[in-house]
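Results of the structural survey
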Amino acid sequence: MIKKVTPHISQNEALIFERSSPGKKAYQLPELDVPPVDPADALGACNVRREIEGFPEVSEVEAIRHFTRLSTWNYAIDYGMYPLGSCTMKYNPRINEVVARTEGLAWAHPYQPEALAQGCLGIMAALEAALAEITGMDAVTLQPAAGAHGELTGILLIRALLEKRGNARKKILIPDSAHGTNPATAAIAGYAVENIKSSDTGGVDLAALEQLVDKDVAALMVTNPNTLGVFENNIAAVSEILHRKGAMLYMDGANMNALVGIARPGDFGVDVMHLNLHKTFSTPHGGGGPGAGPVAVKKVLEPFLPTPRLKRSGKKWAFDYKRPRSIGRVKAYYGNFGVLVRALAYILAHGGPGLRNATVDAVLNAVYIRKALEPYFDLPYSSPNMHEVVFSDDRQSKLGVRTGDIAKRLIDYGFHPYTVSFPLIVHGALMIEPTETEGKLELDQFIDAMISIAKEIETDPEMVKNAPYSTRTSRVDETTAARKPVLRWKPA
Amino acid sequence: MRYLPKSDSERRAMLDACGAATADELFSHLPETVRLNRPLNLAPGISEYEIVRYFRDRAAECANGYASFLGAGVYNHFRPVLVDTVVSRGEFLTSYTPYQAEISQGTLTTIFEFQTMICQLTGMDVANASMYDGSTAVPEAAMMAVRATGKGRVLVAKSVHPEYREVLATYAKYQGMPVAEFGYNAETGALDVEDLERQIDGLTAAVIIQTPNFFGIVESVKTAAEIAHRKGALLVVLFTEAVSLGILEPPADADIVAGELQSFAIPPSYGGPYAGIIATKEKLIRQVPGRLVGQTTDSRGNRAFCLTLATREQHIRREKATSNICTNQALIALMATVYMTVYGKQGLRELAEQNLAKAHYLGSKLSRRFTGNYFNEFVVRAPEGANKTLLKKKIVGGLPLGRFYPELADCQLLCATEMSRRADMDTVAEVLA
Amino acid sequence: MYPENFRYTKEHEWVHAQGDVATVGITDHAQSELGDIVYVDLPKVGAKVEAGKSLGSVESVKAVSDIYSPVSGEVTEINDTLATAPEKLNTDPHGDAWLVKVKLSGPAEGTGLMTAAEYQAYIGAEK
């Protein structure tokens, strides 16, 4: 019995180009207060385009209806829980949106004189300090635009330090449970990737690590807690092995939502890490971005941080461009400032004690789900989990139903699916992270839905395999989309 | 705390279900040595009102009520009201990457429209669902060219945005991708074609130019393309002022177009978040980094959209991916999509013509440093202390170029858009004369 | 199912040598593990291939698999019908959907190549 949702009629809507008609307008520009200029004269006749062929022409009413109708075809956090593992789909506070639009901040030009940008610099300084305190690190750069970008920055920092010490080394060790951005990043930074197999409790195998770390290894990239939601209890030993052999420890901060206020990476041996502000710090996912990926480092890496860095100059803030050891820029200007504002608002709203409470609730929610679903789904790793839990579809796949099918059926129950088939070390993974902003009712409804589906699989597996049934769109043909890609609209 | 939807009794019930007497027990498995045994050194949480006030106070420490003539990659354009109306909808703001197509058709459809509009604007066959920004789109385009040609060298024009070139250098350093720069003509401000001819060789994978370039000069894409293609290199054309494409011929001779869409209703916001794009010809489709949305059908035969060609990406190909990028700038790209819809075919043209008129009004009153054709930005020689004088009149003048081009230390880069008022331009002309 | 006159690799490629030219493809087991094939990335004619090294890849919607060459030599022909019809790999991996023809530089009967019976036992054990 599906209690959380009921199908409801939603409006159909064509593509904006199919709604267009020559001459319709949704804009009005002011009258020119200067003389018009002939484009051919000013630009050279051969440089002037005839028109923007195919561009839409609609009225304001049609524009608003178009986007509003399309929006109703989306699920969103504002509707309900997204149990996506390691995505940390927590509530996006609306105050963040309001303050980011404060005029003096939203219209600040990155090249306006520093004397007229002190407020922006002050915000960045406050956020750097807060993130340093939260991570237990010594210095923070806010320049990277997203997690993967932060990872690249972090690895480049390691390379720069090792180069200064005489040998940049050749490879990066990456656990087989890692997110795909980790090896992709290592490759872009010019390192070869070597996989390290996880231990049978899902963590870093110390003996294997001792073996693998040689003079060619620059660093180990670790996620802690790992992608199973399990804390790396040996992390201090991991760090010791690496440091002893002249290598460094990089931490992917995607799972910080389990640690804020409880443990600090800087205290357990991490040299450099990135944070995902669009995960732990509540900035909106917006359908896939923007994000921000600040990087926090120990003092030894500070000289290599991207240029410019904030510095105090008397009573004012200023940017320091005189940084001979810096790895350079990873992005134009100073970072995704608008996202930084939102993250700082989140930190101000919670405060120190509040941030810790959020972490406690995040872990409580995940453990609660684990306990409730353990009788129904295989739990491949029995270690205590933190903010997320990973099941496998072993039991269900014996009846022909895989994790992907269960995920699709979950949609009929009014939820977004959990993360399917990741991490790769679990066969048929179901990766679930509720976050702290889910209440007991939503969690109980999620648990009931999962149990109901488990039961459906026993009596009617075919039905589950062909879900979802109640969505506007049924399962899409991804094969044809990849075989014969159509990536734009064209007029008939 | 208002974002934590659990009452004490609910927490208690849940702890009981977990078999924990206290919440601390949930963390008892952590080694003692890693635990933080003190509160975080951060002030307690504050109210909504206090948060608003905090940011208002910060904003008051910035420029307020100034007329600005800054461009240099970030432009002041009106933001149609509809843009924030649309992106503020919870279904767009708080939704995730559209991996589950059945419940993300809103996002997927708008991205498909975005990809289409970028193709229409740039004259390319395929566009991705956005990169972090224009500056990171440049190394991504360079890496694409290297993959596609199998060659390693990159040549970039000095008249490409200086900070973009810095980002390219950072990425290139460890890719075995040597980057060299070729100059600009000291008179016209356009590409130094001779220098390009001198430096390009059979090992060049990509020639990267910007149009209008950093000095605001419109480049001859055809000329650059001819030279690049003759040597078997790809031409990457970059734009930072998207409004220019409302009136300029799209760079059809380019192999890859990279660009920054900030002009399309994306607030300047002290440097980000923005949205970059990569667009290219059909033949390079599998080398494109980042997310792509494709059209398909669902099992009932209805048109539907989904993420596609994912095997290029990091989550599948891992170290052999076309890029490490995961996030795209979906919400920012949506702002641009709404903007392009609101202005549309006629509006973007009219807007570009207004920009042209405003900038040429100001430009005609000053002695420009370069003779090339310009759109809405240009370089002038500026007398000592000019910007200081302008600030006193609540005007932010152009960008002094000495920090990027020592040979142009006596010049500044001025930008006028549809937001620039005649009276302010008259004042600028007076002070800079 | 698995032609007697082919030889097979642990990475699920097959090779059929006729004189000094060998035809290479992927096995039925490989295509069934991958699911619907959407794209094949093949080397250019004239490219040199080395036994045990990757010569290209096969893609399904959610996975990519390298194709490891069973033999060493030079590519003389590629099956370009796969560019427009990659789905042939799902329906006829041992016949119509051959991948490349290679002019051998060394003997095809190298170590590590299994007979049809050995290959069938191998994939039976894998399960």
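Note that the coordinates shown come from a computational prediction; the quantities given were computed from them, not determined experimentally. (Residues numbered from 1 in each chain as written. Chains lettered and ligands numbered in written order. Predicted model: local features only at pLDDT ≥ 70, side-chain atom pairs only at ≥ 80, totals over all residues.)

As for the environment of V420(A)
All names here are of chain A. Condition: For helices the rule is a DSSP run of H or I covering at least 4 residues; for strands it is a run of E covering at least 2, with both sets numbered from the N terminus onward. The burial label depends on the number of other C-beta atoms within 10 Å of a residue's C-beta. Counts of 20 or more mean buried, 12 or fewer mean exposed, and intermediate counts mean partly exposed, with C-beta atoms placed from the backbone.
Along the polypeptide, V420 turns up in strand 11 (residues 419–420). Judged by the 22 C-beta atoms lying within 10 Å of it, V420 is buried. Linking V420 and K455, residues 35 residues apart in sequence, is a C-alpha distance of 20 Å.

Some details on the sheet that holds strand 12 (residues 429–432) of chain A
All names here are of chain A. Defined as follows: Think of it this way: DSSP has to see at least two bridges between two strands before they count as a pair.
Here three strands make up an open sheet; going across it, the order is 10-12-11 and the pairing antiparallel. On the outer flanks of this sheet lie strand 10 (389–392) and strand 11, each paired with one strand and no other. Examined bridge by bridge, strand 11 and strand 12 share two bridges and lie antiparallel to one another. Bridge assignment links T419 to a residue of strand 12, and that residue is M431.

Section: the pairing of strand 4 (residues 37–41) of chain C
Residues and elements named next belong to chain C. Where burial is concerned, most of strand 4 is hidden: four out of the five residues are buried. By the bridge criterion, four bridges tie strand 4 to strand 6 (residues 54–60) in an arrangement that is antiparallel. Residue pairing across strands places V40 opposite V58, the latter belonging to strand 6.

Brief notes about the interface of chain A and chain B
Going by this rule: By definition, residues are in contact whenever their C-beta atoms, placed on the basis of the backbone, come within 7 Å of each other. When residues are grouped by polarity, Ala, Val, Leu, Ile, Met, Phe, Trp, Tyr, Cys and Pro land in nonpolar, Asp, Glu, Lys and Arg in charged, and all others, Gly among them, in polar.
The interface is formed by 170 residues belonging to chain A together with 163 residues belonging to chain B. The element best represented in the side of chain A that touches chain B is helix 11 (residues 337–373) of chain A, accounting for 24 residues. Residues of the side of chain A that touches chain B, tallied by class, amount to 98 nonpolar, 44 polar and 28 charged.

Things to note about the domain arrangement of chain B
As a measure of interface size, the accessible area lost when the parts come together is often cited. Let me state the cut-off plainly: Bear in mind that the domain bounds are from an automatic or database domain assignment.
According to the domain assignment, chain B contains domain 1 (1–35), domain 2 (67–78 + 345–432) and domain 3 (82–338). Just the C-alpha atoms count here: the centres of domain 1 of chain B and domain 3 of chain B sit 47 Å apart.

What to know about unusual backbone geometry
A negative phi holds for most residues other than glycine; trans holds for most peptide bonds. Between T211(B) and P212(B) the backbone carries a cis peptide bond, its omega angle lying at -15 degrees. Inspection of the secondary structure assignment puts P212(B) in the loop between strand 5 (204–210) and helix 9 (221–230). For the peptide bond that leads from G272(B) to P273(B), omega is 5 degrees, which places it in the cis range. Mapped onto the secondary structure, P273(B) falls in the loop between strand 7 (256–260) and strand 8 (276–280). Even without glycine at this site, T88(A) takes up a positive phi of about 50 degrees.

A closer look at the sheet that holds strand 4 of chain C
Residue and element names in this part refer to chain C. Heads up, the rule is: Between N-to-C directions, angles cover 0 to 180 degrees, with each direction set by a line fitted to C-alpha atoms, over the stretch in contact for helices.
The strand order across the open sheet built from three strands is 4-6-7, with neighbouring strands paired in antiparallel fashion. Each having just a single partner strand, strand 4 and strand 7 (64–68) make up the two edges of the open sheet. Here the strands of the sheet are splayed against their neighbours by 25 degrees on average, with no regard to which way each runs.

Re the nonpolar core
For the record, the criterion: Any nonpolar core is a set of buried residues, restricted to Ala, Val, Leu, Ile, Met, Phe, Trp, Tyr and Cys, that join up through C-beta atoms within 7 Å.
Counting 345 residues, the largest nonpolar core has A142(B), V207(B), I208(B), V236(B) and A336(B) as its most contacted members. Excluding anything up to four places from it in sequence, V207(B) contacts L155(B), L196(B), I200(B), A224(B), A228(B), A233(B), L235(B) and V236(B).

Remarks on the packing of helix 11 of chain A against helix 2 (residues 48–60) of chain B
Operational definition: Throughout this description, any angle smaller than 35 degrees is read as roughly parallel, any larger than 145 degrees as roughly antiparallel, any in the 65 to 115 degree range as roughly perpendicular, and the remainder as oblique. Two helices crossing with the near one rotated counterclockwise from the far one by less than a right angle form a left-handed crossing, whereas a clockwise rotation gives a right-handed crossing.
Helix 2 of chain B packs onto helix 11 of chain A with a crossing angle of 140 degrees between their chain directions and a minimal axis gap of 10 Å. Of the possible angle classes, the one that applies to helix 11 of chain A and helix 2 of chain B is oblique. By crossing handedness, the relation of helix 11 of chain A to helix 2 of chain B is classed as right-handed. Across the interface between the two elements, V341(A), A345(A), L348(A) and A349(A) of helix 11 of chain A pack against I51(B), Y54(B) and F55(B) of helix 2 of chain B. When the residues that make up the contact of helix 11 of chain A with helix 2 of chain B are grouped by side-chain class, the tally is seven nonpolar, no polar and no charged.

Some remarks on the confidence of the model for chain B
What counts is decided by this rule: The predictor rates its confidence in each residue with pLDDT, a number between 0 and 100.
On average, chain B scores 95 in pLDDT, and the residues at 70 or more come to 100%. Our summary of model confidence lists the complex with pTM equal to 0.95 and ipTM equal to 0.97.

Comments concerning the environment of K62(C)
Note on placement: K62(C) falls in the loop between strand 6 and strand 7. Along the backbone, K62(C) and A121(C) are 59 residues apart, and their C-alpha atoms lie at a distance of 28 Å. Contacts of K62(C), omitting those with residues within four sequence positions, involve A310(B) and I316(B).

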